[in-house]
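What the coordinates show
In case you want the letters, here they are:
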Amino acid sequence: MNNLFKKYTLLLLIGMICTGLSAQELFFKKLDVENGLSQEDVSSIIQDSFGFIWIGTFDGLNRFDGRNIETFHRQTANPASLPDNRISALAEDHKKRLWIGTQGGFFAYYSLLSERFIRVKSPEQRGHVLSFLVTTDQTLYALTAAGILRLDDSAEPEFKFISNAHNLHFRNAIQKT
């Protein structure tokens, strides 16, 4: 009898805990042009290590902090701005840099620590940036319409084509879910 009472008490406690957990409220906010999004054609989304949501569109880069949207655009006379407004790919690396690829084939990163844009050199015929990949050894690759590029992360970072890309295997890639 005493053992049966303990089992029912434990079952009741588990049920109460589970009921309490499922009663949490979820809040969703629609992000659109009326709420400050630069455009509704979204090409890429990523959440950075500080919790900000970055949204790449065909009219700039948007940072959502949970309440407000801040928009970043290319400024023609400002080399410390985006290189192009048509954002096509986003990724964050271990150095707290938000990598940005554009439909025009340009690269830049936004330092999450110093909060500034840095444009990055790349080959002339690179094509549209399709995606980024960060491997477990922290190597950054960019997939473009013209091929695969690897970041040479020296004092002045630069993307360079991989000449033997057909032998490349990405078994050790980091995949964030």
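Structure shown above.
The structure displayed is predicted, hence computed values, not measured ones.

How each quantity is defined
- Residues numbered from 1 in each chain as written.
- Predicted model: local features only at pLDDT ≥ 70, side-chain atom pairs only at ≥ 80, totals over all residues.
- Heavy atoms only, no water.
- Buried < 20%, exposed > 50% of the residue type's maximum accessible area, 1.4 Å probe, protein only.
- Helix = DSSP H or I, 4+ residues; strand = E, 2+ residues; numbered from the N terminus.
- Pairing = 2+ DSSP bridges.
- Axes fitted to C-alpha atoms, helices over the stretch in contact; angles between N-to-C directions.

1. Here's the deal with the pairing of strand 5 (residues 87-92)
Each regular strand carries side chains that alternate between the two faces of the sheet. Of all six residues that make up strand 5, six are buried, and the element is covered over most of its length. The loop that links strand 5 with its antiparallel partner strand 6 (residues 97-102) comprises four residues; one of these, Lys96, has a positive phi angle of about 60 degrees.

2. Focus: the sheet that holds strand 2 (residues 53-57)
In a beta sheet, neighbouring strands pair by backbone hydrogen bonds and run either parallel or antiparallel. Spatial strand order, 1-2-3-4: four strands in an open sheet with antiparallel pairing. Each having just a single partner strand, strand 1 (42-47) and strand 4 (69-72) make up the two edges of the open sheet. Sheet twist, expressed as the average angle between the axes of neighbouring strands with direction ignored, equals 20 degrees. Inspection of the sheet shows strand 3 (residues 60-64) paired to strand 4 by four bridges, in the antiparallel sense. Bridging from a neighbouring strand, Asn62 pairs with Thr71 of strand 4.

3. A short note on the sheet that holds strand 11 (residues 147-152)
Ordered in space as 9-10-11-12, the four strands form an open sheet in which the pairing is antiparallel. Here the strands that pair on one side only, and so sit at the sheet edges, are strand 9 (129-134) and strand 12 (158-161). Averaged over all pairs of adjacent strands, the angle between strand axes in this sheet comes to 30 degrees, irrespective of strand direction. As paired elements, strand 11 and strand 12 share four bridges and run antiparallel to each other. Each residue of the ladder has a partner; that of Asp152, found in strand 12, is Glu158.

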